[in-house]
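Understanding the architecture of this molecule
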Amino acid sequence: PVLLLGLLLVLGGRAGAGGGCQLPAEWRPLSEGCRAELAAIIVYARVLALHPDPYGAYNYLPWQRGPPGGPQQGAGDLFYSAEIELLCDQAWGSMLEVPAGSRLNLTGLGYFSCHSHTVMQGYAYFFFLRMDENYILLPHGVNFQEAIFPDTQENRRMFASLFQFSNCSQAQHVLSFSSDWEIQEDNRLMCSSVQKALFEEEDRVKKLQQKVATLEKRNKQLRDRVKKVKRSLRQARKNSRHMELVNRKLSEKLSSAGGQIPYINSLKQENSHGTYLKV
């Protein structure tokens, strides 16, 4: 199964290279505890049986262009559903009102192009689930992250505070090893508020960065305008000096021409007197 999964992920990555595996730009990873607060249903259950699922609304690959409900188009046994038995009551806050020992059908399992929801018969898992409008149970990949967790000591300790130990089957009494239930519950309840505060801080930083970018743009525009004004001022001063030089030269010419005016006037007077005598 591991080799098959690797091959399918490679093929799926090539076939869905147009952005099918892209996460949102604002995506941030969330811890399991934080995502547990957002999951609609959380159960601890054993897989009793697996059943192949046909190509449908929840089971398809990007290169399968046919309508849901049509032929599988080479999907083979990639998709399947599971019959599960609850080993404990659903977790605190879950929307599923069924007791321990109940059997449910879970679909949407298998090997997909960008992720996989896989289980094995006879093994127990912690499931994040959701229910669609047709009351079909599906894995709930909160924040585009893992929705199925194997039954390990680490995962038992991580999810132990979510379940009522007294309602678990006798075979699963080992779950009661958690002695710091209240501390875990406090941490779980604080997680969403802390995460919310972090997201708000990131948003605030992003807005501040946008403001800084806007101010830098306006500052650059102001610097350009100041440069233009300085350039115009330098040109005006240069023109002023040039006009002063022209005026000075003109004044010198006028002053030099002013000394010749009495001589010219005297010549005119002599010529006009001689003409008068002749008459």
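Residues numbered from 1 in each chain as written. Predicted model: local features only at pLDDT ≥ 70, side-chain atom pairs only at ≥ 80, totals over all residues. Heavy atoms only, no water.

In the annotation of an unreviewed UniProt entry, the chain is listed under the name CCDC3 protein and assigned to Prunella himalayana.

We now examine the nonpolar core. Grouped burial of nonpolar side chains is what soluble globular proteins tend to show. Judged by nonpolar contacts, the single largest core of 19 residues is most densely connected at Ile41, Val43, Val47, Ile84, Leu109, Val119 and Phe127. Listing elements by their share of this core, those giving two or more residues are strand E1 (41–52), strand E2 (79–86), strand E3 (103–111) and strand E5 (124–131). Ignoring anything within four residues of it in the chain, the contact list for phenylalanine 127 reads Ile41, Ile42, Val43, Ala45, Val47, Ile84, Leu106, Val119, Ala147 and Ile148. Residues Phe126, Phe149, Phe159 and Leu162 belong to the second largest nonpolar core, which totals 17 residues. (Core = buried A, V, L, I, M, F, W, Y, C linked by side-chain atoms within 4.5 Å. Buried < 20%, exposed > 50% of the residue type's maximum accessible area, 1.4 Å probe, protein only. Helix = DSSP H or I, 4+ residues; strand = E, 2+ residues; numbered from the N terminus. Contact = heavy atoms within 4.5 Å.)

A separate point is the packing of aromatic side chains. Going through the model one piece at a time under the given rule, you end up with 6 aromatic pairs. With centroids separated by 4.5 Å and ring planes inclined at 25°, the aromatic side chains of tyrosine 44 and phenylalanine 126 adopt a geometry described as stacked. Taken as a pair, tyrosine 44 in strand E1 and phenylalanine 126 in strand E5 lie far apart in primary sequence, 82 residues in all. Here tyrosine 44 matches phenylalanine 126 in class, with each residue buried. (Phe/Tyr/Trp six-rings, centres within 6.5 Å; stacked < 30°, edge-to-face > 60°.)

What follows is about the pattern of salt bridges. What the rule picks out here adds up to 3 salt bridges. Its salt-bridge partner being aspartate 151, residue arginine 156 comes within 2.6 Å of it at the nearest N-O pair. Using a relative accessible area of 24% as the deciding quantity, one classes aspartate 151 as partly exposed. The residue lysine 220 makes a salt bridge to aspartate 224 at a minimum N-O spacing of 3.5 Å. In this pair, lysine 220 and aspartate 224 are both assigned in helix H4 (residues 181–258), 4 residues apart and thus about one turn of the helix distant. (Salt bridge = Lys/Arg side-chain N within 4 Å of Asp/Glu carboxyl O.)

The two faces of the sheet receive side chains in turn, since in a regular strand these alternate between them. For E5, a buried count of 6 out of 8 residues is recorded, marking the element as mostly surrounded by other parts of the structure. Sheet topology places E1 next to E5; 6 bridges connect them, and they run antiparallel. Residue pairing across strands places arginine 46 opposite alanine 124, the latter belonging to E5. Pairing between E5 and strand E7 (residues 148–150): 3 bridges, direction antiparallel. Note on E7: the bridge partner recorded for tyrosine 125 is proline 150. With 3 bridges connecting them, E5 and strand E6 (residues 137–139) associate as antiparallel partners. Residue pairing for E6: leucine 129 is matched across the bridge by proline 139. Where E5 folds back on E6, the antiparallel hairpin that results is connected by 5 residues, among which tyrosine 135 adopts a positive phi of roughly 60°. (Pairing = 2+ DSSP bridges.)

All right, on to a positive patch on the surface then. A cluster of basic side chains, namely Arg223, Arg225, Lys227, Lys228, Lys230, Arg231 and Arg234, defines a positive patch on the protein surface. Within the element layout of this structure, lysine 228 appears in helix H4. (Patch = residues over 30% accessible without salt bridge, like charges linked within 9 Å, V, L, I, M, F, W, Y side chains within 5 Å. Areas by Shrake-Rupley, 256 points an atom, 1.4 Å probe, with all protein chains shown as cover. Lys, Arg positive; Asp, Glu negative; His and termini not counted. Charge placed at Lys NZ, Arg CZ, Asp CG, Glu CD.)

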